[in-house]
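# Close look at the chain arrangement
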Amino acid sequence: TASSFQGVILGVGSDETERTVTWSSTSAATGKLQLAKKADLPGGDFTGEGWTAEQYDAESAVIPGLSIYSNKVTLENLQPNTEYVYRVGDAASWSQTYTFSTEGSGDFRFLLAGDPQIGTGNLANGINGWDNTLNFIQEKFADASFLLSAGDQVNSYNNVAEYEGYLNPILASLPNAVTVGNHDSSVGRDNNPYQ
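Source: prediction; values computed, not measured.

## Remarks on the overall build of the protein
Counting secondary structure elements, the protein contains two helices and 11 strands. Listed N to C, the secondary structure of the protein is β-β-β-β-β-β-β-β-β-α-β-α-β in terms of helices and strands. Scored against the burial criterion, the 195 residues of the protein give a buried share of 42%. Taken as a whole, the protein presents about 10,000 Å² of accessible surface, with 46% of it coming from carbon and sulfur.

Structure (structure tokens):
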């Protein structure tokens, strides 16, 4: 079912023609991603008839000790100033449809977040604060090219609930670039969902 695909996050690529998409799944089947230009899809999503899409196989790996599979796809040769739609799945079932837009050449704007650190203090309050921040970003800075999170996305490197709190649905459409902070690091540790 679509609910087995969680934490979909759009990442930056090596240049403006690339994006990455990562997600977790309870399915052991190889992850898949379908991508199309929004203009090429009747109705703007994958529910109509007569559409074609590129399909990518994900690099999939189990996260040790968690029975959760990490999936990653790199989207290449994206066209500038284009709106894309995508969905993730395993060929048997698919997620909802997500959208993102590419930029043209020249100047761009990005946002910087320092230490979201979901899980410090009250988990629910931390998630709510992060959600409010991302909603504000979406409302006031819709033209930003990406969000750079400068580390410590969570408080405890092995806490799945904290990662789920960080992975707000807005980050499936707003490219995210993260650095690994000491709270995220699994160096010398097991069971890290950050993979």
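## A look at the side chain of Ser27
Inspection of the secondary structure puts Ser27 in the loop between strand E2 (19-25) and strand E3 (32-37). At a separation of 3.1 Å, a polar atom in the side chain of Ser27 contacts the main-chain amide nitrogen of Ala29. Excluding residues that lie within four positions of it along the chain, Ser27 makes contacts with Tyr69 and Asp90.

## Details of the environment of Asn135
Summarising the element assignment, Asn135 is placed in helix H1 (residues 123-140). Taking the C-alpha atoms as reference points, Asn135 and Asn168, separated by 33 residues in sequence, lie 9.7 Å from one another.

## Notes on the nonpolar core
Of all hydrophobic cores here, the largest spans 18 residues; its most connected members are Val21, Trp23, Leu33, Leu35, Leu75 and Tyr86. Within the residue set of this core, elements represented by two or more residues are strand E1 (5-12), E2, E3, strand E6 (68-75), strand E7 (83-89) and strand E8 (98-101). Core analysis: the second largest hydrophobic core is formed by 13 residues, Trp130, Leu134, Ile137 and Ala144 among them.

The rules we used
Residues numbered from 1 in each chain as written. Predicted model: local features only at pLDDT ≥ 70, side-chain atom pairs only at ≥ 80, totals over all residues. Heavy atoms only, no water. Helix = DSSP H or I, 4+ residues; strand = E, 2+ residues; numbered from the N terminus. Buried < 20%, exposed > 50% of the residue type's maximum accessible area, 1.4 Å probe, protein only. Areas by Shrake-Rupley, 256 points an atom, 1.4 Å probe, with all protein chains shown as cover. Polar contact = N/O pair within 3.5 Å; in protein donor to acceptor, adjacent residues only side chain to side chain. Contact = heavy atoms within 4.5 Å. Core = buried A, V, L, I, M, F, W, Y, C linked by side-chain atoms within 4.5 Å.

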